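# An overview of the molecular structure
Each chain, letter by letter, is given below.
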Amino acid sequence: MRLLIKHIKTPTTLSFQLFNNFARNFSSNEKDEQIKTAAEEVRKNITVEKYSGITTLNIDRQTTRNSLDVETLKEMTQAIDAFDKDPEAKVLVFNGEGGSFCSGFDLDEIGEKGYNVLTDAAARLLRRPLCDKPTIAAVQGYAVAEGFELALACDLRIIEETAIMGCLGRRFGAPQSLFGGRRLTALIGLSRALDLLMTGRPISGADAYAMGLGCKLTATGTALGESIKLSKSLIKFPQNALIMDKLAAIMSQLNPNSEESMRDEAIMSSLLGSAIEDLNKGVQKFKGGVGKHGKFYKLTEMPLKDWELEESLEEIEVVVTDKKKKP
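Under an unreviewed UniProt entry, the chain has the name Enoyl-CoA hydratase and belongs to Pieris macdunnoughi. Recorded in UniProt for the chain, the comment headed Sequence similarities (unreviewed entry) runs: "Belongs to the enoyl-CoA hydratase/isomerase family."

## Quick notes on the pairing of strand β4 (residues 135-139)
For a regular strand, side chains alternate in direction, first toward one face of the sheet and then toward the other. Counting buried positions along β4 gives five out of five residues, so the element sits mostly inside the fold. Here β4 shows no split at all, with Thr 135, Ala 137 and Val 139 on one side and Ile 136 and Ala 138 on the other all buried. With three bridges connecting them, strand β3 (residues 91-96) and β4 associate as parallel partners. Counterpart to Val 93 in the pairing with β4 is Ile 136. With four bridges joining them, β4 and strand β6 (residues 156-160) adopt parallel strand pairing. Looking at the pairing, Ile 136 lines up with Leu 156 of β6.

## Some remarks on helix α6 (residues 146-153)
By the criterion of burial, α6 is predominantly enclosed, with eight of the eight residues buried. Inspection of α6 places Glu 146, Gly 147, Phe 148, Glu 149, Leu 150, Ala 151, Leu 152 and Ala 153 among the buried residues, and these make up the whole buried set.

## Considering the confidence of the model for the chain
Summing up the model confidence of the chain, the mean pLDDT is 79 and the portion of residues at 70 or higher is 65%. Long-range and interchain partners of residues 1-28, a stretch whose pLDDT sits below 50, account for two contacts in this model, where long-range means more than four residues apart.

## Examining the sheet that holds strand β5 (residues 142-144)
Spatial strand order, β5-β7-β8: three strands in an open sheet with mixed pairing. Strand pairing shows two members of the sheet lacking a second neighbour, β5 and β8 (203-204), which therefore form its edges. Where β5 lies against strand β7 (residues 164-166), three bridges are found, and the strand directions are parallel. Pairing of Ala 143 across the sheet is with Met 165, part of β7.

## Focus: helix α7 (residues 180-188)
For α7, the full list of buried residues reads Gly 180, Arg 183, Leu 184 and Ile 188. Looking straight down α7, one finds its buried side chains confined to an arc of 105°; they lie on one side. Residues of α7 that are buried in the fold lie against α6, α8 (190-199), α9 (205-211) and α11 (239-254). Of the residues trailing α7, Gly 189 is marked for its positive phi of about 95°.

## Here's the deal with the environment of Phe 148
By the element assignment, Phe 148 lies in helix α6. Distance from Phe 148 to Phe 101, taken between C-alpha atoms, is 8.8 Å for residues 47 residues apart in sequence. If we ignore the near neighbours within four places in the chain, the residues touching Phe 148 are Ala 143, Met 165, Gly 166, Cys 167, Leu 184 and Leu 213.

## A closer look at the sheet that holds strand β1 (residues 46-51)
The sheet built from six strands is open, its strands ordered β1-β2-β3-β4-β6-β9 with mixed pairing. Bordering the open sheet on either side are β1 and β9 (216-218), each of which pairs with just one other strand. Across the sheet, the mean angle separating the axes of adjacent strands is 20° when strand polarity is ignored.

## Quick look at the nonpolar core
By size, the foremost hydrophobic cluster in this structure holds 45 residues, and its most contacted members are Leu 57, Met 76, Phe 94, Leu 125, Met 165, Leu 184 and Leu 213. In terms of residue count, the dominant contributor to this core is helix α3 (residues 70-85) (six residues). Within the second largest apolar cluster, ten residues are counted, among which are Val 93, Ile 136, Ala 138 and Ala 223.

## A short note on the environment of Ser 103
Its place among the elements puts Ser 103 in the loop between β3 and α4 (107-113). Once residues within four sequence positions are removed from consideration, Ser 103 is found in contact with Thr 64, Arg 65, Asn 66, Ser 67, Tyr 142, Val 144 and Ala 145. Polar side-chain contacts of Ser 103 include one of 2.9 Å to the backbone oxygen of Thr 64. Separated by 3.2 Å, the side chain of Ser 103 and the backbone oxygen of Arg 65 make a polar contact.

## A look at the packing of α7 against α8
Following both chains from N to C, one finds α7 and α8 inclined at 140°, their axes separated by 7 Å at the closest point. In this view, α7 runs oblique relative to α8, as classed from their interaxial angle. Crossing geometry of α7 relative to α8 is assigned as right-handed. Across the interface between the two elements, Gly 181, Leu 184, Thr 185 and Ile 188 of α7 pack against Leu 190, Arg 192, Ala 193, Leu 196 and Leu 197 of α8.

## Some thoughts on unusual backbone geometry
Put simply, Arg 128 and Pro 129 share a cis peptide bond, and its omega is 5°. Looking at the element boundaries, Pro 129 is found in the loop between α5 (115-121) and β4. Phi at Ser 52 is positive, roughly 50°, even though this residue is not glycine. For Ser 52, the position within the fold is in the loop between β1 and β2 (54-59). A positive phi angle, close to 60°, is found at Asn 66, a residue other than glycine.

About the criteria used
Residues numbered from 1 in each chain as written. Predicted model: local features only at pLDDT ≥ 70, side-chain atom pairs only at ≥ 80, totals over all residues. Heavy atoms only, no water. UniProt positions renumbered as here; feature names shortened; annotations may be inferred. Buried < 20%, exposed > 50% of the residue type's maximum accessible area, 1.4 Å probe, protein only. Helix = DSSP H or I, 4+ residues; strand = E, 2+ residues; numbered from the N terminus. Pairing = 2+ DSSP bridges. pLDDT = per-residue confidence, 0-100. Contact = heavy atoms within 4.5 Å. Arc of directions from axis to C-beta. Axes fitted to C-alpha atoms, helices over the stretch in contact; angles between N-to-C directions. Core = buried A, V, L, I, M, F, W, Y, C linked by side-chain atoms within 4.5 Å. Polar contact = N/O pair within 3.5 Å; in protein donor to acceptor, adjacent residues only side chain to side chain. Parallel < 35°, antiparallel > 145°, perpendicular 65-115°, else oblique. Left-handed = near helix turned anticlockwise from the far one by under 90°.

Dropping the structure here:
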């Protein structure tokens, strides 16, 4: 009887226990909601997606053609730093939602907070290179002013033929604040760079590609997909030597005799041992028949879908006129 009494709970005890369970569940749910809300607050203006070693950073301020305000720049800094620290992340793709890459600094915010506030918030974009790992800009729509500079800061650019690029900040007296002048000159030479920098004239994606600003010219609406395909082609390579060669090339053009060049040299030296290990593995693969005769496929076990193997149609019409032919 005493044992039975010990297991019987009074209504008061039951109510108190139910209340505790409810409070615990409510607190847990409330905490989850708070965490979710906090995450949304951290990223109001960008979205980050990850798959198969590829990270996409998508600017989403479509009402201003993806202009950069202080909050967006802070979110981008956090996302870029997180990518750099992620051992599983191999390639970072910059993209703009809604048909434009990036239209530069938010002019309304410059008027409200001042130019220096935005350049301070954009300090992470000044690093040369932008990341040690490969970066790609999927350029569509407007990539102008600091948006143009963001594209130039990436290692590779896939450009849609209808994109608009240029130093449009020239109209308002804004300098290229993210090393755009240096990067542009390194990419296309002094004469062409001065033309774009001094006149501020916009150029089409097709013109930008002809000048050497892009690694591929593609049809409207396909820049992001082509960037993902390019990313997958880079991931299949051993990464240590790839990063070493990237740093050496950038250092020769943008960081000669600087503190950043010393940082790059240190990184390259640290990668050398791992690169040699990759090379030894590559030699064994080559002996086994992988990669012979200049073949670039089947280097790693990464199945590709049909659309990834297809070449995008470049909608560029070339008209040849025979002047000798009479009408």
